[in-house]
Each structure stands twice: as C-alpha cells, then as structure tokens.
Amino acid sequence: MVRLIMGEKGTGKTKKLIELINASAAEENGNVVCIEAKSTMTFDIHYHVRLISADEYQITTYEGLRGFVSGLYAGNYDISHVYVDNLCKIVHSEDFTAVEKFLCWLDKFSDANTVKFTVTLTADASVATDGMRKYL
C-alpha cells in the first residue's frame, strides 16, 4: 500500500504526517521508519520511530532512495511502515514523471514485502499525473 499526501507549502502536510507516524508507532506491531530531508521532526515523533535524515546519508536521487529503502528492509524485515517526508526535496527533483515511476516501484515493493509507504509531496494535487492520482 502506498499513500501520497500532496499540498502546497503551509497546508499542514507535515503536521498530518506526524500524527500518522505517531499513530503507527502506537498501533502497529512492526517497526516504523521516517525518512526526511533534514532532521526537523526529532522532537515531534515517538521515540520508537526510526528517524532518518536523507541529508546525512547523501541520498539525492530516486535510484539512491530505492537502494536505501531496499537496504533498510534487507537489514530489518520487521519494518511495517515507511514514511517519506517531502520526496522532491530529498531527491532534488520536481520531475513528476520520475515521482510516478518511484511511487510505482514503491507499490511493487510494498506488495512483495508487506510494507506500507506514506509519501508527502509539496505541490497542489491538481498537478499530479494520472499515475500519481491513484495513490492520493
């Protein structure tokens, strides 16, 4: 399962994401991971959540993020949910065709490994491609 949360800057995406992360930490049996561009949610999320700053690992491309997510899961099969905050900021790209391709990959990964993904994107939902809309 892949869920995409889109909205312009200042529309409450991160606040909603923090609520979802904390609910997952309390309710899910598996491990919860949050990948963000820089460490900004350190004091907002439950301490059981593994918070990862993409900046610290020099993740700057979709290919790098795919490898990172795969490596995370390979090292811990107990991961039940991965949250990605502000995808385009992490990979330094506003290319929605690439976003769609990445979300499709996440969906296949999710089905194969029973891991849920929630991704935020700073853009109005009206500009989403058809492939992205199925995850909204």
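About the thresholds
- Every chain's residues receive numbers from 1 upward, in the order its sequence appears when written.
- It should be noted that, the model being predicted, local features are given only for residues of pLDDT at least 70 and side-chain atom pairs only at 80 or more, the latter also being counted only at that level, while totals for whole chains, interfaces and linings use all residues.
- Excluding hydrogens and water, the side-chain figures rest on all heavy atoms present in the structure.
- Stacked, tilted and edge-to-face pairs are distinguished by plane angle, under 30 degrees for stacked and over 60 for edge-to-face with tilted covering the rest, among Phe, Tyr and Trp rings (Trp via its six-membered ring) whose centres lie within 6.5 Å.
- Think of it in three bands: with a 1.4 Å probe and only protein chains considered, a residue is buried below 20% of the maximum accessible area for its type, exposed above 50%, and partly exposed in between.
- Numbered from the N terminus, helices here are DSSP runs of H or I no shorter than four residues, and strands are runs of E no shorter than two.
- Pairing of N or O atoms within 3.5 Å defines a polar contact, subject to two protein rules: one partner must be a possible hydrogen donor and the other a possible acceptor, and residues neighboring in sequence count only if both atoms are side-chain atoms.
- Working rule for contacts: check all heavy atoms of both residues, and any pair within 4.5 Å makes them a contact.
- In short, DSSP must find at least two bridges between two strands for them to pair.

Draft legend 1. Spatial organisation of the packing of aromatic side chains. One pass over the full model with this rule turns up 7 aromatic pairs. Ring plane angle 80° and centroid distance 5.2 Å describe the contact between Tyr73 and Tyr77, whose orientation is recorded as edge-to-face. Residue classification places Tyr73 among the buried residues on the basis of a relative accessible area of 11%. Among the aromatic residues, those joined into a cluster by ring pairs are Tyr62, Tyr73, Tyr77, Phe102, Trp105, Phe109 and Phe117.

Draft legend 2. Region of the structure containing the side chain of Glu28. Looking at the secondary structure, you find Glu28 in the loop between helix H1 (13-27) and strand E2 (31-36). Here Ser80 takes part through its side chain, which lies 2.6 Å from a polar atom of the side chain of Glu28. Every residue in contact with Glu28, bar those within four places of it in the chain, is listed here: Ser80, His81 and Lys116.

Draft legend 3. Spotlight on the pairing of strand E4 (residues 79-84). Counting buried residues along E4, 6 of its 6 residues qualify, which places the element largely inside the surrounding structure. One ladder, built from 5 bridges, connects E2 with E4; its direction is parallel. Opposite Val33, over in E4, you have Val82 as the bridge partner.

Draft legend 4. Fine view of unusual backbone geometry. The residue His92 is not glycine, and still its phi comes out positive at about 55°. Mapped onto the fold, His92 is located in the loop between helix H3 (87-91) and helix H4 (96-113). The residue Thr114 is not glycine, and still its phi comes out positive at about 50°. Along the chain, Thr114 falls in the loop between H4 and strand E5 (116-122).

Draft legend 5. A look at the environment of Leu103. Its place among the elements puts Leu103 in helix H4. For Leu103, a relative accessible area of 0% corresponds to the buried category. Note: C-alpha distance between Leu103 and Gly131 (28 residues apart in sequence) is 8.5 Å.

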